[in-house]
Amino acid sequence: MADPNGFLTYERKDNPYREIAERVRDFAELQLPLSNEERKKQAARCMHCDVPFCHSGVFYGGKRAVSGCPNDNHIPEWNDLIYRGAMKKAYERMSLTNPFPEFTGRVCPAPCEKACAEALNGSGVTIKDNERHIADTANEAGWVLEMGKPSQKTGIKIAIVGSGPAGLAAAWRLTQLGHSVTIYEKSDRFGGLLMYGIPNMKLDKAIVQQRIDLMHQLGVTFIANAEVGKTISYDELQKTYARVIIATGAGGPRDLKVVGRQSSGIEFAVDFLTQTTKRLLVSADKSLEPSLSGKKVIVIGGGDTGNDCIGTAVRLGAASVKQFEITPALPLSRNANNPWPEWPMILKEGYGQAEGQFAGNNDLTEYTIATQAFVSDDKGAVKGIKVAQVGSDFKPIAGTEQVIAADLILLAMGFVGTDTAVLDGFDVTEIDNDYATNNPHVFVCGDARRGPSLVIWAIREGRKAAEFVDKSLEALIKISV
Ligand SMILES: Cc1cc2nc3c(=O)[nH]c(=O)nc-3n(C[C@H](O)[C@H](O)[C@H](O)COP(=O)(O)OP(=O)(O)OC[C@H]3O[C@@H](n4cnc5c(N)ncnc54)[C@H](O)[C@@H]3O)c2cc1C
Ligand code: SF4
């Protein structure tokens, strides 16, 4: 056990955010790591309670929500190892469940911390930051490649469609198990939403590329600009590979089909974020020209993607930013029907919202607002949005309508679910709990199976799917090395 008095001795200290005035001038990562000594103190705050809810991963609320880490990470064990300075052991322990802690240590919303026993009366242990510390230490020390090496080769070829965290996790695990993996990706770069979706300030793209490069060194074949079903046929894949894993995500954004939707200047959030990252990847210094200078930006949708859009628009020099959300604001503290260790459904200010306020956008986010129409000029470019206040039935309240000027409107209202084209292409009509399908050659994992979710869920799904694929191949496995 780490220091038995640690949680009484040390205050919680998160990886500090860079000053807003500084960070809005570039797209570099928002948070900076603590020193090794400070990190040990944070690890010492873990109580090693006898009932570690942090890694229990218990479902509630109709099987969608989970309390604690969805990936069963062995949190108290690696907190103890950090405290003792046994970093290699900590990394090995982490790797048993999570192959990509450098991603989750940066972008995971950390349900584990909300379920931490210390969070019952305190603020919880900094589990996510501790995870990033283990990952960054392992990368700097060069321990990661070794972890991915297979002890034997099977000679079996497996194809993965999609290179998001689910596809990458499946490829990592299959490689460890000795199989030869080829990843087909329709985009020009690998990583799925890790690369194009999540902004650089949350997850530096060099971190994503570093992992791709390591996997390449381990023998994984990556093929970009290869859309399965178009550039390569379903039949060819099935003929060439013993198994195919579909990890195509759930990227179809929810649209808002009201009057004026055809106007130019209305974009899906994920397209806007992708284009920004594409430009950034060819910029030398993690900054971009203020391409939104003088523009009034409206973001529709109050979730995390909307928050990413605000942070990005501020960095691109928008003259003003406003955010509309149709649901009411969440309460400031937990309701009685949302107790610990559940995820707290409370109002929080995102980093983008804080930056938007800093840039002078007072009352940035408005709740219970519905969009009724987009207004365009005589050239068909959007120039405003007609909105109205809604009641508890989400119906507009008469007399509350107003038109607000806008030059760019970003739709950040979530995703509609899995695009079934690839599933249909492989004649998949049923997906089982073990990731297998009615097609004995094809497995499905990640957002393509669960619907829009989180990076850690995608990693778990990819890892587990790989293990079920391996099991399904037992009869075929001929050890060649
Ligand atoms: C803007 C945004 C911000 C987010 N922020 C966070 C966050 O901070 N923390 C968090 O935990 N989660 C976040 N998420 C959610 C998280 O990114 C996803 O849950 C996760 O990436 C899903 O992983 P996946 O591998 O299943 O799918 P994806 O990451 O969507 O990857 C699927 C890949 O499949 C490829 N593909 C699709 N069809 C084909 C085809 N026919 N042939 C070849 N390739 C194909 C796609 O191009 C894509 O690269 C965010 C999502 C968005 C949109
Ligand atoms: S992956 Fe997320 S939920 Fe799991 S231990 Fe890490 S920060 Fe917590």
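My aim in this report is to walk through the structure given alongside it, one point at a time. (Residues numbered from 1 in each chain as written. Chains lettered and ligands numbered in written order. Predicted model: local features only at pLDDT ≥ 70, side-chain atom pairs only at ≥ 80, totals over all residues. Heavy atoms only, no water.)

### Structural notes on the packing of aromatic side chains
All told, the structure shown has nine aromatic pairs when counted by the stated rule. Note on Phe-100 and Trp-172: the rings are 6.3 Å apart at their centroids and 70° apart in plane angle, and the pair reads as edge-to-face. Of this pair, Phe-100 sits in the loop between helix H5 (87-95) and helix H6 (101-107) while Trp-172 sits in helix H10 (residues 165-176), and the two are 72 residues apart along the sequence. Trp-172 shares its class with Phe-100; the two are buried. Taking 4.9 Å as the distance between ring centres and 75° as the angle between the ring planes, the aromatic pair formed by Tyr-234 and Phe-426 counts as edge-to-face. Note that Tyr-234 is positioned in helix H12 (residues 234-240) and Phe-426 in the loop between helix H16 (421-425) and strand E15 (442-444), a separation of 192 residues in sequence. Among the aromatic residues, ring-to-ring pairing joins Phe-100, Phe-103 and Trp-172 into one connected group. In this structure, Lys-157 is placed above the aromatic ring of Tyr-241, and the distance from its NZ or CZ to the ring centre is 5.7 Å. When the ring centre of Trp-457 is taken as reference, the NZ or CZ atom of Arg-450 above it lies at 3.7 Å. (Phe/Tyr/Trp six-rings, centres within 6.5 Å; stacked < 30°, edge-to-face > 60°. Helix = DSSP H or I, 4+ residues; strand = E, 2+ residues; numbered from the N terminus. Buried < 20%, exposed > 50% of the residue type's maximum accessible area, 1.4 Å probe, protein only. Lys NZ or Arg CZ within 6 Å of the ring centre and 35° of its normal.)

### Some points on the pairing of strand E9 (residues 320-324)
The buried fraction of E9 is high, at four of five residues. Strand direction decides the pairing type here: strand E8 (residues 296-300) and E9, joined by five bridges, are parallel. If you follow Ile-298 over to E9, its bridge partner there is Lys-322. Read as a crossover between parallel neighbours, the route from E8 over helix H14 (residues 304-315) to E9 is right-handed. Bridge count for E9 against strand E10 (residues 365-366) is two bridges, and the pairing is parallel. Bridge assignment links Gln-323 to a residue of E10, and that residue is Thr-365. (Pairing = 2+ DSSP bridges. Right-handed = clockwise from strand over helix to strand, strands pointing away.)

### Notes on the site of ligand 2
Around ligand 2, 13 residues are found, and the nearest of them are Cys-69, Cys-108, Cys-112, Glu-131 and Ile-456. Looking at the shell around ligand 2, the elements with two or more residues in it are helix H7 (111-115) and helix H8 (127-141). Per-element accounting of the shell around ligand 2 gives the leading share, three residues, to H8. (Near = heavy atom within 4 Å.)

### Things to note about the environment of Asn-337
Looking at the element boundaries, Asn-337 is found in the loop between E9 and helix H15 (351-358). Expressed as a C-alpha distance, the spacing of Asn-337 and Lys-395, which sit 58 residues apart in the sequence, is 26 Å.

### Notes on H8
End to end, H8 covers 21 Å across 15 residues, agreeing with the expected 21 Å (1.5 Å per residue, within 8%). Counting buried residues in H8 gives 11 out of 15 residues, a clear majority hidden from the surface. Among the residues of H8, Ile-127, Lys-128, Asp-129, Asn-130, Glu-131, Arg-132, His-133, Ile-134, Ala-135, Asp-136 and Ala-138 are the ones counted as buried. Residues of H8 that are buried sit in contact with helix H3 (36-44), helix H4 (75-83), H5, H6, H7 and helix H9 (144-148). Once H8 finishes, Gly-142 follows within two positions and takes phi at roughly 75°, a positive value. (Expected span 1.5 Å × (residues − 1). Contact = heavy atoms within 4.5 Å.)

### Description of the sheet that holds strand E4 (residues 180-184)
Spatial strand order, E5-E4-E3-E6-E15: five strands in an open sheet with parallel pairing. The open sheet has two edge strands, strand E5 (221-223) and E15, and neither has a second partner. Neighbouring strand axes in the sheet, compared pairwise and without regard to direction, differ in orientation by 20° on average. Two elements, E4 and E5, share three bridges in a ladder whose sense is parallel. When the bridges of E5 are listed, Thr-182 appears paired with Thr-221. Together, strand E3 (157-161), E4, E5 and strand E6 (243-246) form the strand contacts of H10, whose direction differs from that of E4 by roughly 165°. (Axes fitted to C-alpha atoms, helices over the stretch in contact; angles between N-to-C directions.)

### Let's talk about the packing of H3 against H8
In the contact formed by H3 and H8, the axes pass within 10 Å of each other and the chain directions differ by 135°. As the angle between them shows, H3 and H8 are arranged oblique. As H3 runs across H8, the sense of the crossing is left-handed. Between H3, through Asn-36, Arg-39, Gln-42 and Ala-43, and H8, the contact on the second element is made entirely by Asp-129, Asn-130 and His-133. Here the residues of the contact of H3 with H8 sort into one nonpolar, four polar and two charged. (Parallel < 35°, antiparallel > 145°, perpendicular 65-115°, else oblique. Left-handed = near helix turned anticlockwise from the far one by under 90°. Nonpolar A, V, L, I, M, F, W, Y, C, P; charged D, E, K, R; others polar.)

### Examining the packing of helix H13 (residues 269-281) against H14
At a minimum axis separation of 10 Å, H13 and H14 run at an interaxial angle of 40°. Taken together, H13 and H14 sit at an angle that is classed as oblique. Every pair of crossing elements has a handedness; the one defined by H13 and H14 is left-handed. For the pair H13 and H14, contact is made by Ala-269, Phe-272, Leu-273 and Thr-276 and by Thr-305, Asp-308, Cys-309, Thr-312 and Ala-313, respectively. Of the residues assigned to the contact of H13 with H14, the class counts are five nonpolar, three polar and one charged.

These results come straight from atomic positions and should not be treated as a statement about function.
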